[in-house]
Amino acid sequence: MTKTSKRIHTDPVGKSVPRIDGKGLVTGQTKYTFDVNLPGMLVGKMIRSTQAHARIVKIDTSKAENLPGVKSIITAKDTFNIKFGSNEFFFPHTIDQMAFESEKVRYIGDEIGAIAAIDEETAQKALDLIEIEYEPLPAVFDVLDAMKPGAPKIHQAMNNIAVILPVNFGNPERALKESDYVREDNFYAQVAAHTCMEPHVCIGQWETFSNKITLWMSTQAPFKVREALAKTLKMGLNDIRVIKLASGGGFGGKLEMLPMDFAACLLSKKANGLPVKICYTREEEFAFSRRKHAMHYKLKSGVKKDGTLMAITGEVIADGGAYCSYGPTVLAAAMMRIFMVYKIKHFRVNGYRVYTNNPISGAIRGFGGVQSGFSVESHMDLLAQGIGMDPVEFRLKNITEPNMVTVNKMLISSNGLKECIEKATEACDWKKKIGQQKDICRGIGIGIAADVMGSKMYKSHESAGSIVKIEEDGSVYFFTGAADTGQGSNTALSQIVAQELGVKYERIKCTAADTEITPFDTGSFASRVTFISGNASLNGAKDAKRQILTVVAKEHKCEIDDLDIKAEKVIKKEDESVIMTFDEALELCYSFNYGEQIIGRGSFNPTTTPIDFRTGEGNVSGSYSFEAQIAEVEVNKETGKITLLKLWDAHDVGKAINPQSVEGQIEGSLIMGVGYTFFEDLKFKNGRVVNPNFANYRIPRSVDLPEMKTILIETNDPKGPFGAKGMGEAALLPTAAAIANAIEDAIGVRIKNLPITPARILKALNEQKTLKKGNEK
Amino acid sequence: MQLKPFTFHSPQSLNEVLDLVNKLQDKKILAGGTFLLNNLRLLKKRGIKTPQNIISLRKVEKLHGISLEKNKLIIKAMTTLCELCESPDLKHNFQILKIVAKGIATTPIRNMATIGGNLTCRYAWTEMPTVMIALEATMHFIDETGKEESILAEQFFKNGAKSNKLFSHVSIPLQKQANLTYQRISKQSPVDIPLLAICAKSQNASKHFSLTRIAVNSGVNFAQRDFILEEFLNKSKLSKSIDEEALNHLDNKIYDARSDEYKQHMFKICIKNAIRELAL
Amino acid sequence: MKITLHINKKNYEVECAGHETLIEVLRDTLGFTGTKNSCNEGECGSCTIIVNGKSVLSCMMLACDCEGLEITTIEGLAQEDELHPIQESFLDKGAVQCGFCTPGMVMATKALLDKNPKPNKNDIESALDGNLCRCTGYKKIIEAVEDASKKIE
């Protein structure tokens, strides 16, 4: 039996090498922040509002302070009351949250302070002893009500609209008039939760003698957390060290500093530097972390008889909850994605990101694209239907192409969308199936999508860096700021480094996401890591290789450019003759004559232009990835039960650095999309989550799976590392629409509200019956 | 700390259990733990007092095991749902127990949860009561003096499933001729708790239903029989259209009147499926 | 009270209170942090271990109630630096992403294969129905179980 652990991988790019951190994970030896227990460690708990909207009259912590075992209690008076948020660069006025509120609370769970005690029990007891007097204010929970004049005012924003994004191109009025067919549809996509298996957890320690902070945490973006901490604590970036340990999933939920991170540090300061661990319970995770924006989509579009998409107009309203978080950019992403997918000249959609007294909506895998994917791709099918055109043909006629500039100035280079559609439709036997299986209540539907790889959301740059340090024994120490929360970025980036260096993958030791040790990286979001951090890693490896070859060239009196390293050997490029092994080369570098340290550095910042949110113009990403997805369903008309038979996903990934990982990302996305389509629905009553547990908020289980087929399309992007593009999120975007479209093909009813439940199917079937009867009369 | 402090007792024999039960005031019995531990956590979270004593039955050998006697099957209280699924003794009409047990919750839960817990936890949506009522099972308890008492499952649930005695086992009569079916509908996936479950039995003879027994659990009340439906079926021939007709002969108060249109619709499908199966 | 727990073929004498759950004693007292817990209500399966050959949830058991039982945790699988074939398969087939559910998945798999060395796809899906994974979409986990079943032959 060949053991994984003993297999050797040279030229690892394009190969499914095992995860670099895999052994620790399968043996349970890897320590997550969740597992860490430091000497003297205290347990921290957040003091939260029990009111959805209220003025704080009085906070009395005295009883809790006198409880034995309580080590520190902090409230707003211990802070500088500095606001933080996630879209400071683009939307400075949406920086609206403070770590602790002292005047007013805006949702059930709003942080008012925090407690640290010797154990969980004492902390909980102390929480119960905190007395807060509120003066309740009228609250608003429905996003449409919140926009009405006279609605309770949550922040200063007029009609509770935190951000309006008017995106306007061409002359949509005229284009609609010139259309042969115009239709209007309303869609609704519900709230969902991330449900990372490892809950939010952090350990803060404030070294009182040096006034320096260390924060160990489960995060997607340690450098962003560091920045927010520095700002809110009025400290230098260099006073704070954020260390990401193994992280049990992120999915957008661990992308920001939360008040808990701030609290862990400040609690530790007040407790004379004892470390403080704050770990969310599953209930807190559902109720108080972040959630997906519920979105109302109104779309009115026109097409020509030949299928030409003339204009898209409409409105998007997003329930933002109590604070902005990433909301404004989520809304923007929900609106702009359409330009990457469809060639459209005339466009006018207004987006509204609205405050309510619900918990905070923020980033979640797909970043607005899931809600828009459902709405837009359902709408496109209805448009095709209106002119009697096959939905695939309709899409092929209107999709974007390689090397084009979109109406809002996105520069699309590689684009495999057409191939994705062709491959997916071929694989599923589209022509034989579409419209042909109604007698057995089976149907097939398509959805297409595109995604960015990066978004310039950190200040004005989005650079990533790398250090490749090679020791005398040939060990390659690779440092990256990218945060692996399970997607496998440490593995993929190490593959890139090994490939470029010409050594086996097994040589690489990867250290990642520690703000004091590794280079800067904005974090794991917007499917950016393979593309941006990947290029940075490639550049670091190139630099290190050049340093080695410089020494070898000197020794052998030849030109550096004549040399290369391949398969662990330094070779002459022209005849591939071996000069020495990699190990010998390193011995040479560190020898008496040279004593040359090999420390490569790499940096990468994609050449993009940020979106101008007044117009919607800009090229947000260095490249774009594409996909086509097809769902086949069978519907039981008696019970409304939908069986998802199979999903096909053809994905333009540029180049699969690790095909197995890429498939894993796609399959994980698909199933997350399936869960969202059919049952994930975080429900609220008067601002309180009513289903904060896995029994009542169902995520897919092993028994809920459709068959899945992934098809990787490699377009070799000219700017990607070895041609690779980002792909961590796109597969989730069109799933709901592909399924809704398939359902219509099967039984002729259209579901426009998610989730698609059997009850909704039956209701739609009944309405269809009534309508038919009416028509017959 | 997930639970509030209590004293843990691990008696080795039935006598020890009874001693403890008699001696201790504030106590709860622990079987598989899948209900009790969550319940204790919930009480703690809500700041409600939890019992001072927990008595585990795990080590009491007399409460474990399945045995097939002449005309009846005995399932002891501590038998896990998984043991039911794997037992070679569950033949004939008892196979329905396997079908029901296999459909409850998830694998690790089935490996822990016991028949005793399922029958006496007093959650309306547990699934074993329905099948026990249909199978005319008898539940056996032991009182504080060690005396055995028994009660028909049907009666036990009719009385509100209350008992301050120790549940020891359930016995089920063998009925080789019986035609049996179990139908359940769940909200989303089979691992979810059922919205409605029906266990139906009939000894079909000369193209007629006979001796039918229909036990229904609509998730709100404890499982109970639908006598109106039974009576109707007992007078009916086995026919194709019988399932549709039967819908006009239901004891409507059983079927959760507050439920929405969809649930009502699904109830009907579930009933029809059961009757169709029974008519086979 | 003082109890003896038989974990991974070794005896551990533990001082523990009656109300402590097995997961608390495993993780906090004995340091077996390979076993995770993600929900503490028996829904997620992260805390799955094997007790007397069956996959069970350690968040739903009292430590004191486990005396005399044979407990296996994820730490009891690999022999020194040799991974257990199931662990090998999870790595080979890409069944691990964030890894937080992995110990529970591996233990559920072991319990299945010990009882049924040749499971079909339905058996596997059913054996893992108590273990939530948010990353992989389960497909590669199921493939890993199939692969392990072949190896163990």
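Computed from a predicted structure; not experimentally measured.

Draft legend 1. Focus on the interface of chain C and chain A. At the junction of the two partners, chain C supplies 46 residues and chain A supplies 51 residues. Buried area between chain C and chain A, summed over both chains or domains, comes out near 4,300 Å², and the portion from carbon and sulfur atoms is 54%. There are eight salt bridges connecting chain C and chain A. As a salt-bridge pair, A:Glu667 and C:Lys140 come within 3.2 Å of each other at their nearest N and O atoms.

Draft legend 2. Structural view of the interface of chain B and chain A. Between chain B and chain A, the contact holds 15 residues from the first and 14 residues from the second. Counting each side, the surface lost to burial between chain B and chain A is near 1,200 Å², with a carbon and sulfur contribution of 54%. Of all residues in chain B, B:Met1, B:Gln188 and B:Tyr262 give up the largest surface area on contact with chain A, accounting jointly for 37% of the area buried on that side. On the surface where chain B and chain A come into contact, there are four salt bridges. Joining chain B to chain A, the criterion identifies four residue pairs in polar contact (both at pLDDT 80 or more). Of all elements in the fold, only α2 (36–45) and α11 (261–279) of chain B reach the threshold of two or more residues within the side of chain B that touches chain A. Sort the elements by how many residues they give to the side of chain B that touches chain A and α11(B) lands first, with seven residues. Grouping the constituent residues of the side of chain B that touches chain A by class yields five nonpolar, four polar and six charged.

Draft legend 3. Inspection of unusual backbone geometry at higher detail. Residue and element names in this part refer to chain A. Cis peptide bonds are those with omega within 30 degrees of zero, and the linkage from Leu-754 to Pro-755 qualifies with -5°. Looking at the element boundaries, Pro-755 is found in the loop between α18 (735–747) and α19 (758–776). In this model, Asn-160 sits at a positive phi of 60°, which is unusual for a non-glycine residue. The topology assignment puts Asn-160 in the loop between α4 (143–146) and β9 (161–169). The buried category is assigned to Asn-160, whose relative accessible area is 2%. Backbone geometry at Asn-403 places phi at a positive 50°, although glycine is not the residue there.

Draft legend 4. A look at a positive patch on the surface. Residue and element names in this part refer to chain A. On the surface, Lys-637, Lys-769, Lys-772 and Lys-773 cluster together into a patch of positive charge. By the element assignment, Lys-773 lies in helix α19. In this structure Lys-773 comes out as exposed when scored by relative accessible area, which is 56%.

Draft legend 5. Quick peek at the sheet that holds strand β1 (residues 7–9) of chain B. Residue and element names in this part refer to chain B. On the basis of which strands lie adjacent, the open sheet formed by three strands has the order β1-β3-β2 and parallel pairing. Among the strands making up the open sheet, the edge pair consists of β1 and β2 (27–30). Taking each pair of neighbouring strands and ignoring which way they run, the sheet shows an average axis angle of 25°. Sitting on the sheet, α2 touches β2 and β3 (53–56), and the angle it makes with β2 is about 145°.

Draft legend 6. Representation of helix α10 (residues 369–386) of chain A. Between its terminal C-alpha atoms α10(A) stretches 25 Å, which fits the 26 Å expected from 18 residues at 1.5 Å a residue. For α10(A), the buried fraction is high: 16 of the 18 residues fall into the buried class.

Draft legend 7. Highlighting the pattern of salt bridges. According to the stated counting rule, one finds 74 salt bridges over all chains in the structure shown. When the shortest N-O distance is used, the salt bridge between A:Asp35 and C:Arg27 registers 2.8 Å. You can see A:Asp35 sitting in the loop between α1 (22–27) and β1 (42–48) and its partner C:Arg27 sitting in helix α1 (residues 22–29), one on each of two chains. Across the pair, exposure class does not vary: A:Asp35 and C:Arg27 are buried alike. Between A:Glu121 and B:Lys44 there is a salt bridge whose closest N-O contact spans 3.3 Å. With one member in each of two chains, A:Glu121 in helix α3 (residues 120–129) and B:Lys44 in helix α2 form a pair that bridges those chains. Salt bridges sharing common partners tie together A:Arg7, C:Asp92, C:Asp147 and C:Lys151.

Draft legend 8. Spotlight on the side chain of A:Ser413. The topology assignment puts A:Ser413 in the loop between β19 (411–412) and α12 (417–428). Excluding residues within four positions of it along the chain, A:Ser413 makes contact with A:Pro402, A:Asn403, A:Ser623, A:Asp717, A:Pro718 and A:Lys719.

Draft legend 9. Just the packing of α10(A) against α18(A), in detail. All names here are of chain A. Axis separation between α10 and α18 bottoms out at 7 Å; the angle between their running directions is 35°. For the crossing formed where α10 meets α18, the hand is right-handed. Residues Gly-373, Phe-374, Glu-377, Ser-378, Asp-381, Leu-382 and Gln-385 of α10 form the contact with α18, whose own contacting residues are Ala-736, Ala-737, Ala-740, Asn-741 and Glu-744. By residue class, the composition of the contact of α10 with α18 is five nonpolar, four polar and three charged.

Basis of the calculations
Residues numbered from 1 in each chain as written. Chains lettered and ligands numbered in written order. Predicted model: local features only at pLDDT ≥ 70, side-chain atom pairs only at ≥ 80, totals over all residues. Heavy atoms only, no water. Contact = heavy atoms within 4.5 Å. Buried area = accessible area lost by both parts, 1.4 Å probe. Salt bridge = Lys/Arg side-chain N within 4 Å of Asp/Glu carboxyl O. Polar contact = N/O pair within 3.5 Å; in protein donor to acceptor, adjacent residues only side chain to side chain. Helix = DSSP H or I, 4+ residues; strand = E, 2+ residues; numbered from the N terminus. Nonpolar A, V, L, I, M, F, W, Y, C, P; charged D, E, K, R; others polar. Buried < 20%, exposed > 50% of the residue type's maximum accessible area, 1.4 Å probe, protein only. Patch = residues over 30% accessible without salt bridge, like charges linked within 9 Å, V, L, I, M, F, W, Y side chains within 5 Å. Areas by Shrake-Rupley, 256 points an atom, 1.4 Å probe, with all protein chains shown as cover. Lys, Arg positive; Asp, Glu negative; His and termini not counted. Charge placed at Lys NZ, Arg CZ, Asp CG, Glu CD. Pairing = 2+ DSSP bridges. Axes fitted to C-alpha atoms, helices over the stretch in contact; angles between N-to-C directions. Expected span 1.5 Å × (residues − 1). Left-handed = near helix turned anticlockwise from the far one by under 90°.

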